[in-house]
Amino acid sequence: MEDGNPLSDEADHGDPLNASLPTVVRRLDQILATLGYGSRREVRGLIDAGRVTVAGSVQTDPGAKATPRDVAFDGGPLEFPDGILVALHKPVGCVCSHDSREGPRVYDLLPPRWLARNPVPTTIGRLDKETTGALIVTDNMPLVHRFASPRHKVEKVYDATLDAQPGAEIVAAFAAGTLQLAGEDRPCAPATLVSKGGNEIELTLTEGRFHQVKRMFAHFGIRVVRLHRARFGPIDVGNLAPGEWREIRLSEFE
Ligand code: URA
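Treat the numbers as computed from the prediction; the structure is a model and nothing was measured. (Residues numbered from 1 in each chain as written. Predicted model: local features only at pLDDT ≥ 70, side-chain atom pairs only at ≥ 80, totals over all residues. Heavy atoms only, no water.)

As for the overall build of the protein
The cut-off we apply is this: A helix here means a DSSP run of H or I that spans at least four residues, while a strand means a run of E at least two residues long, and both kinds are numbered starting from the N terminus. Residue contacts are defined here by distance: any two heavy atoms, one from each residue, within 4.5 Å place the two residues in contact. What sets the accessible areas is the Shrake-Rupley method with a 1.4 Å probe; for residues, cover comes only from the shown protein chains. The sign given to each residue is positive for Lys and Arg and negative for Asp and Glu; His and the chain ends receive no count. To locate a charge, take NZ of a lysine, CZ of an arginine, CG of an aspartate or CD of a glutamate.
For the protein, the helix and strand inventory stands at six helices and 15 strands. Principal-axis analysis of the C-alpha atoms gives the protein an extent of 70 × 35 × 30 Å. Long-range pairs, those at least 24 residues apart, make up 62% of the contacts in the protein with a sequence separation of at least 6. In the form shown here, the protein has an accessible surface area of approximately 12,200 Å², with 50% of it arising from carbon and sulfur atoms. For the protein, the centre of its 30 positive side-chain charges and the centre of its 34 negative side-chain charges are spaced 2 Å apart.

Some details on the site of the ligand
The condition is simple: One heavy atom suffices: a residue is near a molecule or strand as soon as one of its heavy atoms comes within 4 Å of it. What qualifies as a polar contact is a pair of N or O atoms within 3.5 Å, subject to a donor-acceptor requirement within protein and to the restriction that residues adjacent in sequence count only when both atoms come from side chains. In this count, Pro and Cys sit with the nonpolar residues alongside Ala, Val, Leu, Ile, Met, Phe, Trp and Tyr, while Asp, Glu, Lys and Arg are called charged and the others, Gly among them, polar.
Close contacts around the ligand come from Leu127, Asp128, Thr131, Tyr158, His211, Gln212, Val213, Lys214 and Leu227, and that covers them all. Take Asp128: an N or O atom from its side chain is 2.7 Å from a nitrogen atom of the ligand. Contact distances for the ligand include 3.1 Å between an oxygen atom and a backbone N or O atom of Lys214. With three residues, helix α6 (residues 212-218) is the largest single contributor of residues to the shell around the ligand. Residues belonging to the shell around the ligand are distributed by class as follows: four nonpolar, three polar and two charged.

Overview of the packing of aromatic side chains
Defined as follows: Pairing of aromatic rings covers Phe, Tyr and the six-membered ring of Trp, with a centre-to-centre limit of 6.5 Å; geometry is then stacked below 30 degrees between planes, edge-to-face above 60, and tilted otherwise. The criterion for a charge sitting over a ring is simple: Lys NZ or Arg CZ within 6 Å of the ring centre, and within 35 degrees of the ring normal.
This structure, assessed with the given rule, holds seven aromatic pairs. An aromatic cluster of three or more residues is present, and its members are Phe80, Trp114 and Trp245. The positively charged end of Arg113 is found above the aromatic ring belonging to Tyr37, 3.9 Å away from the centroid.

Let's talk about the domain arrangement of the protein
Applied cut-off: Bear in mind that the domain bounds are from an automatic or database domain assignment.
Segmentation of the protein into domains returns domain 1 (1-7 + 82-249) and domain 2 (22-77). Computed over C-alpha atoms only, the centres of domain 1 and domain 2 are separated by 36 Å.

Details of helix α3 (residues 40-48)
Filter applied, for reference: A 1.4 Å probe rolled over the protein chains alone gives each residue an accessible area, and that area as a share of the maximum for its type sets the label: buried under 20%, exposed over 50%, partly exposed in between. When we speak of the arc, we mean the arc of directions from the helix axis to the C-beta atoms.
Of the residues making up α3, those classed as buried are Val43, Leu46 and Ile47. Taken end-on, α3 shows its buried residues confined to a sector of 100°, consistent with a single buried face. α3 presents Arg41 and Asp48 as exposed residues on the side facing more than 90 degrees away from its buried surface. Lining the buried residues of α3 we find α2 (28-34), β2 (52-54) and β5 (71-73). A positive backbone phi angle near 80° is found at Gly50, which sits one or two residues after α3.

Concerning unusual backbone geometry
Cis rather than trans, the peptide bond between Asn118 and Pro119 has omega equal to 5°. Here Pro119 lies in the loop between β7 (85-90) and β8 (122-123). The phi dihedral of Ala55 is positive, around 50°, even though this residue is not glycine. Along the chain, Ala55 turns up in the loop between β2 and β3 (57-58).

A look at the pairing of β7
This is how it is decided: Two strands qualify as a pair provided DSSP detects at least 2 bridges between them.
In terms of residue burial, β7 counts as a mostly covered element, since six of its six residues are buried. Residue alternation in β7 divides its side chains into two sets, Leu85, Ala87 and His89 and Val86, Leu88 and Lys90, and both sets are buried. Here six bridges tie β7 to strand β9 (residues 132-138), and the two strands are oriented antiparallel to one another. Bridge pairing in β9 places Leu85 opposite Thr138. Pairing between β7 and strand β15 (residues 245-247): three bridges, direction antiparallel. Of the residues in β15, the one forming a bridge with Ala87 is Arg246.

Following this line, the structure appears as C-alpha cells:
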C-alpha cells in the first residue's frame, strides 16, 4: 500500500491489536510528506538541503527507499513513524470534529504537524463539546474500525452529575438491556449504573451511540448536568490535566 502510515491498511493486518508492526519500505519524499513534513515539493527541498538522513547517512535522493523508523530529520527521529496513538484528556469546550467552524477542536491541542499527515489522525468515537475525559486519537484506521464495531464491546465508564437522584427502577432498566431510545431500531445493551451518592453516578456502557448517556437519562426525565468519561476500555486519563495527552501502546488495549 502506497499511502499513509503502515497501520492504515486493515486488510493487510487483520486484527489491529494483534498486528505486528510491518516494515514498509517507501520513497523518502513519500514518507516525509505522509508524516506531515510538507508537500511532496517541500519535502524534496528539505531532502535536497541535506536535512534528512537514512540510517545515519545524509540522503539527497528523494526517490531513495527507506523505512520510516530509519529516517531522521534535522538530526532527530521522525515523529510517530509507525503511526499516532495517544490518549487525550478532553477539556470542556472542544469539539471532536475536524471542522473548525464547529468550535475549538481537540486537534488544536495536538502538534499542528499531525493534521498534515495522511491519513489524518481522528478520534475513536466522539465526546460532546461539554463532555470531558478519556479520548483516543489515532491514525490507525483498523483500530478505529475495530472499536466502532458493535462486535467489540469496549467498556466506557462515565462519571456524571444529574439533576435528580436516579431510582432503583432506572438501575434495573439500564441493566436489563431493554431500554428503547427514540429513533433507535434496537434497545441499548445492558449498562451498569452505580450511585455515588446524591446526584453523582457512574455509568458503564459497552456501546457508543449518539449522545447515549444523556438520552438514556432523558428517557426517564433526568438531565445530565456534567459528564466525564473516566475510562475508554483500559485507558484512563491518569494524571493528565485537561488538554494534555500521552502516547499509548496498542498492547495497553489487550
Ligand atoms: N454520551 C453523551 O451523551 N455524551 C457524550 O459525550 C458521551 C456519551
